[in-house]
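Chain by chain, the residues run as shown.
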Amino acid sequence: MAFSLVQFLKKEYLEGFIKAGGSKIKLYTSGDGERRACFLRDLAREAAECGYVVACVDAFSVVKVHLFSNLYQALTAELDIDGLMRQYCRRVIAALGYEPDDVPEDKVFVDWACESCERVPERLRREVQERLEQDLFRNKFVNRSFATVALQLASEILGATERRLTPEDRALLYAWLRGEPVLLRDLKRFHVFTRVDRYNARLFLRSLVELARFAGYQGLFVAVDNLDVLLVRRETGRVLYGRAAREEFYESVRQFLDEIATLHHLMIVLGFHNDLVENPTFGIKSYAALWLRIQYEIEGTRVNLFRDFLDLDQLLGPALPSTVQKGGSEVAES
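Since we're looking at a predicted model, the values are computed, not measured.

Draft legend 1. How the structure looks around the overall build of the protein chain. Of regular secondary structure, the protein chain possesses 14 helices and 7 strands. Whereas a compact globule of 334 residues would reach a radius of gyration of roughly 20 Å, the protein chain reaches 22 Å, a difference of no more than 12%. When its C-alpha atoms are laid out on the principal axes, the protein chain stretches across 70 × 45 × 30 Å. The 334 residues of the protein chain split such that 53% are buried. Sequence separation of at least 24 residues holds for 71% of the intrachain contacts in the protein chain that already meet a minimum separation of 6.

If you want it as structure tokens, here you go:
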């Protein structure tokens, strides 16, 4: 059934709804961590084979996972942002009527075109800039600050600017795209006055999807497992995430579910232990706004695989007895 579920999601979503421009967030639970991890690995592999950019995140490795900006940083750490940018630049070269493979590795596009094709540098730079602005600044799905940074990096790669970036500048801008902590005073000279935070992280994710699309991918697939870290207790017995932090995460998921129609070419899969649902004090059921959004409205003898929330153990049978400990910490009990 695990194989069948993966194939169902591949056909209906990866090759269907998501590819056609839709977006979806799915939640899967299981008492068997290995079963859940295997399912997510198989689905991620299928997503990659279908032409998606894939990011897999273990929530136990994310500091303050309840902050969506930290999740954004964790998923971008799994991606080759520089590679995406360079692949996008190759497509810009092709859109301008040139063969990307003709550009030598030791030359930038504009310099090569001016030498080999006798183009006027100022005119070609303007053509490149107009193309970048059309893709980035005039795209309603791209955050303006994200567009500003992406345009400067693409201009550098293509040689469409007279002022070249230093290695330090380039590293700073890529760090900003990945959501890493950078000083705003260092960004002012690039006309960037904000950075990713808990409030704009969804806009940055939407922009990242566009970058993946510009680079020739179908979209973005994100899998986040072990979200039951929200229930973990410290060795002292205190919970790792307090009520405010847990509810902030639950609210972020609820908002994502409600706003998913405003996104496109994006699939997010969240995985967690059954305890994150069943725990009446700390689990999802304790946050009615989210639970009412994902609970089953109609029960039947056949499982509806289109549901946003599914229990893998109902599909595959009871989970094998396993510990719910990780890193020496225990899952909180009511």
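Continuing now.
Draft legend 2. Focus on the sheet that holds strand 2 (residues 52-58). Read across the open sheet, the 5 strands follow the order 2-3-5-1-6; overall the sheet is parallel. Each end of this open sheet is capped by a strand with a single partner; those strands are strand 2 and strand 6 (309-311). Averaged over all pairs of adjacent strands, the angle between strand axes in this sheet comes to 15°, irrespective of strand direction. Contacting strand 2 and strand 3 (219-225), helix 3 (residues 68-76) crosses the sheet at an angle of about 120° to strand 2.

Draft legend 3. Region of interest: the environment of Leu 173. Positionally, Leu 173 belongs in helix 8 (residues 167-177). The sequence separation of Leu 173 and Asp 186 amounts to 13 residues, and the corresponding C-alpha distance is 9.9 Å. Apart from residues no more than four positions distant in its own chain, Leu 173 is found in contact with Val 149, Gln 152, Leu 153, Leu 165, Leu 187 and Phe 190.

Draft legend 4. Fine view of helix 6 (residues 121-135). For helix 6, with 15 residues, the first-to-last C-alpha span of 21 Å sits near the 21 Å given by 1.5 Å per residue. Considered for burial, the residues of helix 6 that qualify are Leu 124, Arg 125, Val 128, Gln 129, Leu 132 and Asp 135. Along helix 6, the residues classed as buried sweep out an arc of 135° about the axis, all on the same side.

Draft legend 5. Structural context of unusual backbone geometry. Of note in this structure, Glu 118 is not a glycine but carries a positive phi near 55°. With respect to the helices and strands, the residue Glu 118 is situated in the loop between helix 5 (109-116) and helix 6. Assessed through its relative accessible area of 71%, Glu 118 is described here as exposed. Although it is not a glycine, His 265 sits at a positive phi angle of roughly 55°. Relative to the elements of secondary structure, His 265 occurs in the loop between helix 11 (243-259) and strand 5 (266-272).

Draft legend 6. Spotlight on the environment of Leu 257. Secondary-structure assignment places Leu 257 in helix 11. With 43 residues separating them in the primary sequence, Leu 257 and Phe 214 have C-alpha atoms 25 Å apart. Leu 257 has contacts with Ile 25, Leu 27, Leu 290, Arg 293, Ile 294 and Asp 308, leaving out every residue within four places of it along the chain.

Draft legend 7. Looking closely at helix 4 (residues 81-95). Over its 15 residues, helix 4 extends 21 Å from the first C-alpha to the last, a length consistent with the 21 Å expected when each residue adds 1.5 Å. Taken together, the buried positions of helix 4 are occupied by Ile 81, Leu 84, Met 85, Tyr 88, Cys 89, Val 92 and Ile 93.

Draft legend 8. Here's a closer look at the pairing of strand 1 (residues 23-29). Most of strand 1 is tucked away, with 7 of its 7 residues classed as buried. The side-chain alternation of strand 1 yields two buried faces, one formed by Ser 23, Ile 25, Leu 27 and Thr 29 and the other by Lys 24, Lys 26 and Tyr 28. Sheet analysis places strand 1 next to strand 6, joined by 3 bridges and oriented parallel. Bridging across to strand 6, Thr 29 finds its partner in Asp 311.

Draft legend 9. Up close: the pattern of salt bridges. Scanning all chains against the criterion turns up 25 salt bridges. Residue Arg 164 pairs with Asp 111 through a salt bridge whose shortest N-O separation is 3.5 Å. Of this pair, Arg 164 sits in the loop between helix 7 (144-158) and helix 8 while Asp 111 is found in helix 5, placing the two residues 53 residues apart along the sequence. With relative accessibility at 28%, the residue Asp 111 sits in the partly exposed group. Glu 248 is paired through a salt bridge with Arg 198; the nearest N and O atoms lie 3.2 Å apart. Of this pair, Glu 248 sits in helix 11 while Arg 198 sits in the loop between helix 9 (184-187) and helix 10 (201-214); the two residues are 50 residues apart in sequence, bridging distant segments of the chain. In this structure Glu 248 comes out as partly exposed when scored by relative accessible area, which is 22%. By relative accessible area, Arg 198 is classed as partly exposed at 37%. One salt-bridge network, held together by shared partners, links Lys 24, Glu 251, Arg 254, Asp 258, Arg 293 and Asp 308.

Reading guide: rules and limits
- Residues numbered from 1 in each chain as written.
- Predicted model: local features only at pLDDT ≥ 70, side-chain atom pairs only at ≥ 80, totals over all residues.
- Heavy atoms only, no water.
- Helix = DSSP H or I, 4+ residues; strand = E, 2+ residues; numbered from the N terminus.
- Rg over C-alpha atoms; globule rule 2.2 N^0.38 Å.
- Buried < 20%, exposed > 50% of the residue type's maximum accessible area, 1.4 Å probe, protein only.
- Contact = heavy atoms within 4.5 Å.
- Pairing = 2+ DSSP bridges.
- Axes fitted to C-alpha atoms, helices over the stretch in contact; angles between N-to-C directions.
- Expected span 1.5 Å × (residues − 1).
- Arc of directions from axis to C-beta.
- Salt bridge = Lys/Arg side-chain N within 4 Å of Asp/Glu carboxyl O.

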